Amino acid sequence: MKQLKYIFLFIIAPFVIAGCGGKSSQKADDVSQDTIAVVETVPDSTIYGVVGDGTAMHTLQLITDVGDTLSFMLTDADDNSTIVLGGMLAGDRVAVMAYEEDNGQVAKSVINITSLLGKWSSIDKSFEIREGGVVESAIKAEANPWTSWKLCNGRIILNTDTFLIDVLGPDSLYLENDNGIFAYKRVR
């Protein structure tokens, strides 16, 4: 089993490293709460899949994109709470950032991709996040419209702009980077 894991790492890791990267001049250890960045040399450790029927209040059952069924603990301790952005319902597509503890895997954060998809607008931007990494701008005269998106290590990358998702609700999306917090409302 260990040999299979190492073979997987050597074959897949170069593709993951190449496919996940926002440009930043900072080292991964330097990233603080105020400085949000994704370093292109750090592989995407996010686990993608669909929420399973076995999900409960403190447990996330995830059917991964490769067909494995994984179980993650969801914590609610003040200092180490699991951050769930966009809620979780069985069948929703999610991205999970996790870590290993003595008694199993713990979800550090869960981003509901199903909730992220859709039309969003603010005073100066109006765009739709679609499946397959496509962003379509609704404002034709926009100077630098976003045209692509992806998630990497719990962050969203829109073109080359990297953001932390602060809030993802049924009608609101707050994105944060070094330039500030940007609020968007869902367009129905």
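Use the structure listed above.
Just so we're clear, the structure is a prediction, and the values are computed from it rather than from any experiment. For every chain, the first residue of the written sequence is number 1, and numbering continues from 1 onward in sequence order. Local features in a predicted model are, by the rule used here, given only for residues with pLDDT of at least 70; side-chain atom pairs are given and counted only at 80 or more, and totals for whole chains, interfaces and linings are based on all residues. Derived side-chain values reflect all non-hydrogen atoms in the structure, with water molecules and hydrogen atoms excluded from consideration.

I tried to follow the overall build of the protein chain on my own but got confused; where do I start?
Per the secondary structure count, the protein chain includes two helices and 14 strands. Nonlocal contacts in the protein chain, meaning residues at least 24 apart in sequence, comprise 44% of its contacts between residues at least 6 apart. For every accessible area listed, the method is Shrake-Rupley and the probe measures 1.4 Å; residues are considered covered only by the protein chains on display. In the form shown here, the protein chain has an accessible surface area of approximately 11,400 Å², with 55% of it arising from carbon and sulfur atoms. Helix and strand definitions follow DSSP, with helices as H or I runs of at least four residues and strands as E runs of at least two, each counted in order from the N terminus. Any two residues having at least one pair of non-hydrogen atoms within 4.5 Å are treated as being in contact.

Explain the packing of aromatic side chains here, please?
The geometry of an aromatic ring pair comes down to the distance between the two centres and the angle between the two planes. What counts as a ring pair is set by centres within 6.5 Å for rings of Phe, Tyr and Trp (its six-membered ring), and what kind of pair is set by the plane angle: stacked under 30 degrees, edge-to-face over 60, tilted for all other angles. A full pass over the atoms with the stated rule returns five aromatic pairs. Measuring from centroid to centroid gives 5.2 Å for Phe-127 and Trp-146, while their planes differ by 80°, and the two rings are edge-to-face. One end of the pair, Phe-127, is in strand β8 (residues 126-130); the other, Trp-146, is in the loop between β9 (134-137) and β10 (149-152), and 19 residues separate them in sequence. As far as the burial class goes, Phe-127 and Trp-146 line up, both buried. With 5.7 Å between their ring centres and 75° between their planes, Trp-146 and Phe-163 make a pair best called edge-to-face. Of this pair, Trp-146 sits in the loop between β9 and β10 while Phe-163 sits in strand β12 (residues 161-168), and the two are 17 residues apart along the sequence. Grouping residues by exposure puts Trp-146 and Phe-163 together as buried. Whether a residue is buried, partly exposed or exposed follows from its accessible area with a 1.4 Å probe, protein chains only, as a fraction of its type maximum: under 20%, in between, or over 50%, in that order.

Help me out: how do you make sense of the side chain of Asp-44 in this one?
Among the secondary structure elements, Asp-44 is positioned in the loop between α1 (2-19) and β1 (47-51). Throughout this description, a polar contact denotes any pair of N or O atoms lying within 3.5 Å of each other; where both atoms belong to protein, one of them has to be capable of donating a hydrogen while the other can accept it, and for residues adjacent in sequence the pair is counted only when both atoms sit in side chains. A distance of 2.5 Å separates a polar atom in the side chain of Asp-44 from a polar atom in the side chain of Thr-46. One polar contact links the side chain of Asp-44 to the main-chain amide nitrogen of Asn-153, over a distance of 2.9 Å.

So what exactly am I meant to see when it comes to the pattern of salt bridges here?
Between Lys or Arg on one side and Asp or Glu on the other, a salt bridge is scored when a side-chain nitrogen of the former is within 4 Å of a carboxyl oxygen of the latter. Applying the stated rule across the entire model yields three salt bridges. Residue Arg-130 pairs with Glu-128 through a salt bridge whose shortest N-O separation is 3.4 Å. Put simply, Arg-130 and Glu-136 hold a salt bridge, and the shortest N to O gap is 3.4 Å. Assessed through its relative accessible area of 39%, Glu-136 is described here as partly exposed. Each of Glu-128, Arg-130 and Glu-136 takes part in a single network of salt bridges with overlapping partners.

I would appreciate a short explanation of the nonpolar core in the present structure.
Most often, soluble globular proteins have nonpolar side chains that are buried together. Within the largest apolar cluster, 22 residues are counted, with the highest numbers of intra-cluster contacts made by Trp-149, Leu-151, Ile-156 and Ile-165. Those elements that provide at least two residues to this core are α2 (113-116), β8, β10, β11 (155-158), β12 and β13 (172-177). Per-element tally for this core: the top contributor is β12, with three residues. Only buried Ala, Val, Leu, Ile, Met, Phe, Trp, Tyr and Cys residues count toward a nonpolar core, and they belong to the same one when joined by side-chain atoms within 4.5 Å. Formed by nine residues, the second largest nonpolar core is a distinct cluster that contains Leu-62, Phe-72, Leu-74 and Ala-107.

All quantities given are derived from atomic positions and should not be read as evidence of function.
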